[in-house]
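# Notes for the structure review
Residue-level listing of the chains:
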Number of protein chains: 2
Amino acid sequence: MAIRYPNGKKFEKKRIPERKKNDYNKDSRFSNRGMSFEEDIQASGEYYLTHGLAVIHKKPTPLQIVNVHYPQRSAAVVTEAYFQKPSTTDFNGVYKGRYIDFEAKETRNKTSFPLKNFHAHQIDHMKAVLKQQGVSFVLLHFRLHEEIYLVPGAFFVEWYENKEESRKSIPKKDIEYHGFLVKTGYSPRIDYLSAVDTWLARETY
Amino acid sequence: MAIRYPNGKKFEKKRIPERKKNDYNKDSRFSNRGMSFEEDIQASGEYYLTHGLAVIHKKPTPLQIVNVHYPQRSAAVVTEAYFQKPSTTDFNGVYKGRYIDFEAKETRNKTSFPLKNFHAHQIDHMKAVLKQQGVSFVLLHFRLHEEIYLVPGAFFVEWYENKEESRKSIPKKDIEYHGFLVKTGYSPRIDYLSAVDTWLARETY
């Protein structure tokens, strides 16, 4: 298979060290988790962009770059970098003059959405965005139901901050009641802007 | 000097290969260029954030991650990654309900600002943002004058797209006329939001 790097250099198998089985488990805790859901959201963003409907991008993964190597006659290569915790949500942009800001998460749970994947600094970010009258929300994907909900930021923040030990998940019925079911299809795959329209027209939260 | 990695591991000198003099020249073409100007803008963003005035962040540098190593008992380390061209501008966020989006550049030129540092895809991004009624601009820093101007996106895009061979730079006098001088000081260091206020109050461009 002719895989090439972005700089046009041919893929060299020897440069990829063999992985132990265990590594894949570790991998799933990082960027691979929920990758296809994220990819679908990014594809929807591209649809919105090419159709002139909105400008919404995923932020690159923040990396602490420690070492860069500059080979002769080829592109600079980062040889040592560490993942950093993002201090904001993953997606933002502009839609009809409004600032759009959201985080996307998925679960295999059937009856509730666990909040353990959200960090306090992301909640702080959502609060700051709300204070600036930004359109803040989360997209929650119930994988087993194949349902995606737009959950308004204010509702989400309130739940997160008031949760007790027994409420570390939001019950699905509360998400159904306070959130907006997102239409999915071929193009755009995840039509979250329609859900934004429905939400903002109702002006709840 | 006790340098530690973000994961708490101690800095090991042997892991950093020696650089040739030539490498530093190459380095200056990448992330080091204009670093302190960018850092000042980021510090101003932190000032705005902590004072509840705006939520504006720099996007992380986009990297194509090719290989990640998972050492036992320590953080994952990216061992091979390549710099990618950003498809958007560097800074965005929300201010009083408005979407803010800008790129920051500096020059040592005295009488004009060369446009060669801007890419066509960044101009496309600015046009898409303007279409969505976002607040799009560039911050141009004349290093020798120590002057920073906010230049409205529409003016900048018009100039970029209509430039002929002889107009690959914007004369400083045009920037002075169509742009807004940005106050600098201790805190915030670069008060570009005051310039945004002045600009939006006038509603030119």
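Just so it is clear, the structure is predicted and the values come from calculations on it, not from any experiment. (Residues numbered from 1 in each chain as written. Chains lettered and ligands numbered in written order. Predicted model: local features only at pLDDT ≥ 70, side-chain atom pairs only at ≥ 80, totals over all residues. Heavy atoms only, no water.)

Our next topic: the pairing of strand β4 (residues 91–95) of chain B. All names here are of chain B. Across the 5 residues of β4, 5 count as buried, placing the element largely inside the fold. Where burial is concerned, the two faces of β4 agree: the one with F91, G93 and Y95 and the one with N92 and V94 are both buried. As paired strands, strand β1 (residues 55–58) and β4 are joined by 4 bridges and run antiparallel to one another. Within β4, the residue paired with K58 across the bridge is F91. (Buried < 20%, exposed > 50% of the residue type's maximum accessible area, 1.4 Å probe, protein only. Helix = DSSP H or I, 4+ residues; strand = E, 2+ residues; numbered from the N terminus. Pairing = 2+ DSSP bridges.)

Moving on, we come to the UniProt feature "site: Transition state stabilizer" (unreviewed entry) in chain A. Residue and element names in this part refer to chain A. The UniProt feature table records "site: Transition state stabilizer" (unreviewed entry) at K105. The topology assignment puts K105 in strand β5 (residues 98–107). By relative accessible area, which is 13% here, K105 ends up buried. Look past the residues within four positions of K105 in its chain and what remains in contact with it is F37, F113, N117, F118, L139, L140 and H141. (UniProt positions renumbered as here; feature names shortened; annotations may be inferred. Contact = heavy atoms within 4.5 Å.)

The next point concerns the UniProt feature "binding site: Mg(2+)" (unreviewed entry) in chain A. Annotation from UniProt places "binding site: Mg(2+)" (unreviewed entry) at T88, D90, E103 and Q122 of chain A. The greatest C-alpha distance among the residues just named is 9.6 Å, despite their covering 35 residues of sequence, which places them together in space. Summarising the element assignment, T88 of chain A is placed in the loop between β3 (77–83) and β4 (91–95). Judged by its relative accessible area of 6%, T88 of chain A is buried. Excluding residues that lie within four positions of it along the chain, T88 of chain A makes contacts with K59, E103, Q122 and H125 of chain A together with H57 of chain B. Its location among the elements puts D90 of chain A in the loop between β3 and β4. Taking the relative accessible area as the measure of exposure, D90 of chain A reaches 13% and is therefore buried. Among all residues touching D90 of chain A, those that are not within four sequence positions of it are E38, H57, K58, K59, F102 and E103 of chain A.

Quick look at helix α6 (residues 192–202) of chain B now. All names here are of chain B. When we look at burial in α6, the residues that qualify are Y192, L193, A195, V196 and W199. For α6, the buried positions fall inside an angular range of 150 degrees around the axis, keeping them on one side. Exposed side chains of α6 directed beyond 90 degrees from the buried face belong to A201 and R202. The positive-phi residue at the C-terminal boundary of α6 is E203, with phi of around 55 degrees. (Arc of directions from axis to C-beta.)

Moving on, we get to the packing of aromatic side chains. Scanning the model with the defined rule gives 23 aromatic pairs over all chains in all. Between F142 of chain A and Y149 of chain A the ring centres are 6.2 Å apart and the planes differ by 80 degrees, which places this aromatic pair in the edge-to-face class. For the ring pair F137 of chain B and Y192 of chain B, a centre distance of 6.5 Å and an interplane angle of 45 degrees mean the geometry is tilted. Remark: Y192 of chain B occurs in helix α6 and F137 of chain B occurs in strand β7 (residues 135–142); sequence separation between them is 55 residues. Every member of this aromatic cluster is reached through a ring pair, and the members are Y47, Y48, F91, F102, F137, Y192 and W199 of chain A. One residue, K172 of chain A, lies across the ring of F142 of chain A, its end atom 5.4 Å from the ring centre. When the ring centre of F118 of chain B is taken as reference, the NZ or CZ atom of K105 of chain B above it lies at 5.6 Å. (Phe/Tyr/Trp six-rings, centres within 6.5 Å; stacked < 30°, edge-to-face > 60°. Lys NZ or Arg CZ within 6 Å of the ring centre and 35° of its normal.)

Residues and elements named next belong to chain A. Scanning all chains against the criterion turns up 19 salt bridges over all chains. The partner of R189 in a salt bridge is D40, with the nearest N and O atoms 2.6 Å apart. Placement of the pair is R189 in the loop between β11 (183–184) and β12 (190–191) and D40 in helix α2 (residues 35–50), with a sequence separation of 149 residues. The class for D40 is partly exposed, based on a relative accessible area of 23%. A salt bridge links R143 to E106; its shortest N-O distance comes to 3.9 Å. Of this pair, R143 sits in the loop between β7 (135–142) and β8 (147–152) while E106 sits in strand β5, placing them 37 residues apart in sequence. Of the residues examined, R143 reaches a relative accessible area of 38% and is grouped as partly exposed. Linked by salt bridges that have partners in common, E147, K172 and E176 make up one network. (Salt bridge = Lys/Arg side-chain N within 4 Å of Asp/Glu carboxyl O.)

Mapped onto the secondary structure, V78 of chain B falls in strand β3 (residues 77–83). A residue is classified by how much of its surface remains accessible, and V78 of chain B, at 0% relative accessible area, is buried. A sequence separation of 12 residues divides V78 of chain B from V66 of chain B, and the C-alpha atoms of the two residues are 8.0 Å apart. Setting aside residues no more than four positions away along its own chain, V78 of chain B makes contact with L63, T79, E80, A81 and F83 of chain A together with I65, N67 and V68 of chain B.

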